[in-house]
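Listed below are the residues making up each chain.
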Amino acid sequence: MKKKVFYTVLLAASFIGCSQPNNGSSDIESKVDSLLSQMTIEEKLGQMNQLSPWDFDDLAKKVRKGEVGSILNIVNPDEVNKIQKIAVEESRLGIPLIVARDVIHGYKTIFPIPLGQAATFNPQIVEEGARIAAIEASSDGIRWTFSPMIDVARDPRWGRIAESCGEDTYLNAVMGAAMIKGYQGDSLNDPTAMAACAKHFVAYGAAEGGRDYNSTFIPERVLRNVYLPPFKAAVDAGCATFMTSFNDNDGVPSTANKFVLKDVLRDEWKYDGMVVTDWASALEMVNHGFCTDGKDAAEKSVNAGVDMEMVSETFIKNLKQSVAEGKVSMETIDNAVRNILRLKFRLGLFENPYIVTPQSVKYAEEHLLAAKTAAEQSVILLKNDAQTLPLTDKVKTVAIVGPMADAPYEQMGTWVFDGEREHTQTPLKAIKDMYGDKVNLIFELGLAYSRDKNVAGIAKAVNAARRADVVVCFVGEESILSGEAHSLANLDLQGAQSQLIKSLASTGKPLVTVIMAGRQLTISDEVEASDAVLYSFHPGTMGGPAIADILFGKVNPSGKTPVTFPRMSGQTPVYYAHNNTGRPANPTEMLIDEIPVEAGQTSVGCRSFYLDAGNSPLFPFGYGLSYTRFEYSDLRLAADKLTEVDKVNVSVNLKNAGNYDGTEVVQLYVQDKVGSVTRPVKELKAFKRVELKAGESETVTFSLPVSDLAFWGYDMTFGVEPGDFRLWVGTSSAEGLSADFSVIK
Ligand code: BGC
């Protein structure tokens, strides 16, 4: 039944989509201009005002007077239709509202957090997840989501790393574009389409010390080479809106940063979408010490190129006077309103202001299935000694332990306003339901929640372990420990979780540790103590069934780390695409416990590393094992002297040399050996998921345009610098077959 409804909606949607005007057409531009010409300044400022209402009647009054252009955080479909009716039928010009919500990794059916989605290295499944989120959210009238967050995030202390696609520029660009396509569908005016919002523009992920909202100090070249490309990819993917960020970069808050909002976004990238502030980020420029008051903040924001203000109402309260005083031109206001009206026409809101998508799409079977597949592909096998996993028929009794084994709310992760714990399937429930008839299960939590320091239950968990053939221990982070404003200075497992793992290990029983978290944690000791380790960035509604099938071998893990795992917190930020120092570390460096007493000052060498942590991470970017074994051989370059218009054509033989069918994420990295400025030691340029049956081989090919090697060099121009390059094709950023080539003029 549900299946039928799902397809009916899609058909209805595409039918309605066909009957609407095309996106970005001159038809839309003339409608925008005609409407604009009828608007008073108050109505224009109303369109630029977005509210998150607490009081419906108060909101209704404002909407009736044309004082609101968009709302966020109303999700009751009756209320959404009611307020929209007031906008359309009772305001003077009948301009519909855009209803927004943070639909970040699913609406009702919750997908893995974006960091987990990035671990799939599968843009198709990410796009599908976003499409499903849009279908479900549109059934409550939501037509605008504040996603994707494509902030390159290299510091796990920053809680919002959960909401990003990790540390890599290219991966953020690919996954961000996939989400945008999914949310927006084939056409924005399909009633199941949601406008996407590329955020946070820009550099927010580089918050100093990983403390949220903190200042950033990113010079223009790094901004252009590392932080801006995912946003450019968002523009190219047709992203309908952009959001400014909370941080000040080099002293300029993003909400008033003309350089990024005008020079780059509008002039260089020719963006004709709409730009919204972050939540009260206009007014917060007073706290930054960048604006004297709300009026100054409003002026600086719109003059820098912001179109709509989220919640702090400085625009609507002040800009009429600012225009009268000549501090803001009418042209600036008109341009902002044009961008807003254009979006409303593109969304088809004038023709279809009310909800079309039926309620029954929520938690549709297909949605749950897609969420399960995404969760399966997001799980990373970090360790598997002596083939502890998958659990075989020899395993008769399994002890399920740990505070994350049955924590439906926590496994959904951050940014879940609408997902419901009642619909969430935990590992415990799934293992019982799916494998309960095949193995005996003993369940003993040990700890009540991830921060629990009460060790009284550990003895019982140990006792359960003693009675089992294998122990599976679920630890990690509650969802509140990551996400916005949830930064941490210490990345170790919270509470007594480490003690729990070590106590279980001391039983000598094979120990499988499953970690569900919002970021990469420092888990060296726990990995050491475990026989097998699975890492699952909060996996969402269907995390339980996905993990159950992985544990019992129905699904072979294929996720790869989208971030580098540090050994200890003080090592952060640590990321693979760093520049080289003049004194790179030697892998043989003497570490702290090996240094003799009264060692001579230079006896440990003068290299770039930490005496206690060394220089290598616990797990590199792009890392993840499989139950099977993949072998790479015979790397071939079609040509090793290329010009800027050529392609780097490279192939490698990949063999599934193990006993299980499996999927490998084949990764292509490039190093520009010498540049006009120092270049990263490696940069991910392409990847492919390759599925191979046990024993099967395939030739995997990449055709990388040489133009993809362009960067912003010493003279701040963008281009490929002729010279020598090295490429690697392999299983992670730390391994691979390599070949050299050069680019000639
Ligand atoms: C966040 C944004 C979010 C907005 C609206 C802000 O605090 O930084 O990412 O979209 O709130 O909820």
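Small disclaimer: the values here were computed from a predicted structure and weren't measured.

Is there a simple way to explain the site of the ligand in this structure?
Close contacts around the ligand come from 13 residues, with Asp-102, Arg-160, Lys-199, His-200 and Asp-278 the closest. At a separation of 2.7 Å, an oxygen atom of the ligand approaches a polar side-chain atom of Arg-160. His-200 places a polar side-chain atom, nitrogen or oxygen, 2.7 Å from an oxygen atom of the ligand. Here the ligand has 310 Å² of accessible area as a free molecule, and 94% of this is covered by the chains. Of the residues contributing to the shell around the ligand, the split by class is 7 nonpolar, 1 polar and 5 charged.

Where do I start with the sheet that holds strand 3 (residues 98–101) in this structure?
In spatial order, the strands read 4-3-2-1-10; together these 5 strands make up an open sheet with parallel pairing. What marks the edges here is a single partner per strand, and that holds for strand 4 (144–145) and strand 10 (309–310). Pairing geometry for strand 1 (residues 49–51) and strand 10, over 2 bridges, is parallel. Note that in strand 10 the partner of Gln-50 across the bridge is Met-310.

How do you make sense of helix 4 (residues 56–64) when you look at a structure like this?
Side chains of residues three or four places apart in an α-helix project in the same direction, reflecting 3.6 residues per turn. Among all positions in helix 4, only Phe-56, Leu-59, Ala-60 and Val-63 are buried. All buried residues of helix 4 fall inside an arc of 100 degrees around its axis, so they share one side. Summarising the geometry of helix 4, the exposed residues directed more than 90 degrees from the buried face are Asp-57 and Lys-61. Here the buried face of helix 4 lies against strand 1, strand 2 (70–72) and helix 5 (77–90). Once helix 4 ends, the next one or two residues include Gly-66, with phi positive near 75 degrees.

What's the story with the layout of surface pockets in this structure? I'm lost.
Sizing a probe to match a water molecule and rolling it over the atoms shows the empty space that remains. Taken as a whole, the largest pocket holds about 1,300 Å³ of empty space. Considering the residues around the largest pocket, the lining is formed by 50 residues, among which Thr-169, Arg-224, Asn-225, Val-226 and Pro-229 are closest to the centre. Elements with a minimum of two residues in the lining of the largest pocket: helix 8 (169–184), helix 9 (220–227), helix 10 (229–236), strand 21 (683–692) and strand 23 (711–712). Each residue belonging to the lining of the largest pocket can be placed in one class, and the counts come to 25 nonpolar, 11 polar and 14 charged. There is about 1,000 Å³ of room inside the second largest pocket. Lining the second largest pocket are 34 residues, and of these His-578, Ala-585, Asn-615, Ser-616 and Pro-617 lie nearest its centre.

I keep staring at the packing of helix 7 (residues 123–138) against helix 16 (residues 365–378) and nothing clicks. Help me out?
How two helices pack is summed up by the angle between their axes together with the distance between the axes. In the contact formed by helix 7 and helix 16, the axes pass within 10 Å of each other and the chain directions differ by 145 degrees. At the point where helix 7 passes helix 16, the crossing takes the left-handed sense. Residues Ile-125, Glu-128, Ile-132, Ile-135 and Glu-136 of helix 7 form the contact with helix 16, whose participating residues are Glu-366, His-367, Ala-370, Thr-373, Ala-374 and Gln-377.

What's the story with the side chain of Asp-155 in this structure? I'm lost.
Relative to the elements of secondary structure, Asp-155 occurs in the loop between strand 4 and helix 8. Taking the relative accessible area as the measure of exposure, Asp-155 reaches 6% and is therefore buried. Polar side-chain contacts of Asp-155 include one of 3.5 Å to the backbone nitrogen of Gly-210. Not counting the four nearest positions on each side in its chain, Asp-155 is found in contact with Ile-161, Gly-209, Gly-210, Thr-572 and Pro-573.

What am I meant to see in the pattern of salt bridges here?
Oppositely charged side chains are able to pair whenever their charged atoms sit close together. Per the stated rule, a full pass over the model turns up 45 salt bridges. A salt bridge links Lys-295 to Glu-325; the shortest N-O distance between them is 2.7 Å. Of this pair, Lys-295 sits in helix 13 (residues 294–304) while Glu-325 sits in the loop between helix 14 (314–324) and helix 15 (330–346), placing them 30 residues apart in sequence. Taking relative accessible area as the criterion, Glu-325 reaches 37% and is therefore assigned partly exposed. The structure contains a network of salt bridges with shared partners spanning Asp-102, Arg-160, Glu-163, Lys-199 and Glu-484.

Explanation requested: the packing of aromatic side chains in the structure shown.
Ring pairs (aromatic) are described by centroid distance and by the angle formed between their planes. Counted by the stated rule, this structure contains 25 aromatic pairs. Geometrically, the ring pair formed by Phe-201 and Trp-269 is tilted, given 6.1 Å between the ring centres and 50 degrees between the ring planes. Taken together, the residues span a long stretch of sequence, with Phe-201 in strand 5 (residues 197–201) and Trp-269 in the loop between helix 11 (258–268) and strand 9 (274–276) at a distance of 68 residues. Residue classification places Trp-269 among the buried residues on the basis of a relative accessible area of 13%. Cluster of aromatic residues (ring-pair linked, three or more members): Phe-121, Tyr-170, Tyr-576, Phe-621, Tyr-669 and Phe-687. Lys-688 extends its terminal NZ or CZ atom over the ring of Phe-702, reaching a point 5.2 Å from the ring centre.

So what exactly am I meant to see when it comes to the sheet that holds strand 16 (residues 532–537) here?
Strands in a sheet are paired, the pairing made by backbone hydrogen bonds, and the direction either parallel or antiparallel. On the basis of which strands lie adjacent, the open sheet formed by 6 strands has the order 11-16-15-14-12-13 and mixed pairing. Both edges of this open sheet fall to strand 11 (380–384) and strand 13 (440–444), since each of them pairs with a single strand only. For this sheet, the mean angle separating the axes of adjacent strands, direction not counted, is 15 degrees. Judged from the 6 bridges that link them, strand 14 (residues 470–476) and strand 15 (residues 511–517) form a sheet pairing that is parallel. Following the sheet pairing, Val-475 is matched in strand 15 by Ile-515.

Procedures and definitions
- Residues numbered from 1 in each chain as written.
- Predicted model: local features only at pLDDT ≥ 70, side-chain atom pairs only at ≥ 80, totals over all residues.
- Heavy atoms only, no water.
- Near = heavy atom within 4 Å.
- Polar contact = N/O pair within 3.5 Å; in protein donor to acceptor, adjacent residues only side chain to side chain.
- Areas by Shrake-Rupley, 256 points an atom, 1.4 Å probe, with all protein chains shown as cover.
- Nonpolar A, V, L, I, M, F, W, Y, C, P; charged D, E, K, R; others polar.
- Pairing = 2+ DSSP bridges.
- Helix = DSSP H or I, 4+ residues; strand = E, 2+ residues; numbered from the N terminus.
- Buried < 20%, exposed > 50% of the residue type's maximum accessible area, 1.4 Å probe, protein only.
- Arc of directions from axis to C-beta.
- Contact = heavy atoms within 4.5 Å.
- 1 Å grid on protein atoms, 1.4 Å probe; cavity = no way out; pocket = protein on both sides within 12 Å on 5 of 7 lines; lining within 4 Å.
- Points joined across faces, edges and corners; volume = space filled by probe spheres on them.
- Axes fitted to C-alpha atoms, helices over the stretch in contact; angles between N-to-C directions.
- Left-handed = near helix turned anticlockwise from the far one by under 90°.
- Salt bridge = Lys/Arg side-chain N within 4 Å of Asp/Glu carboxyl O.
- Phe/Tyr/Trp six-rings, centres within 6.5 Å; stacked < 30°, edge-to-face > 60°.
- Lys NZ or Arg CZ within 6 Å of the ring centre and 35° of its normal.

Distances and angles like these do not, on their own, reveal function.
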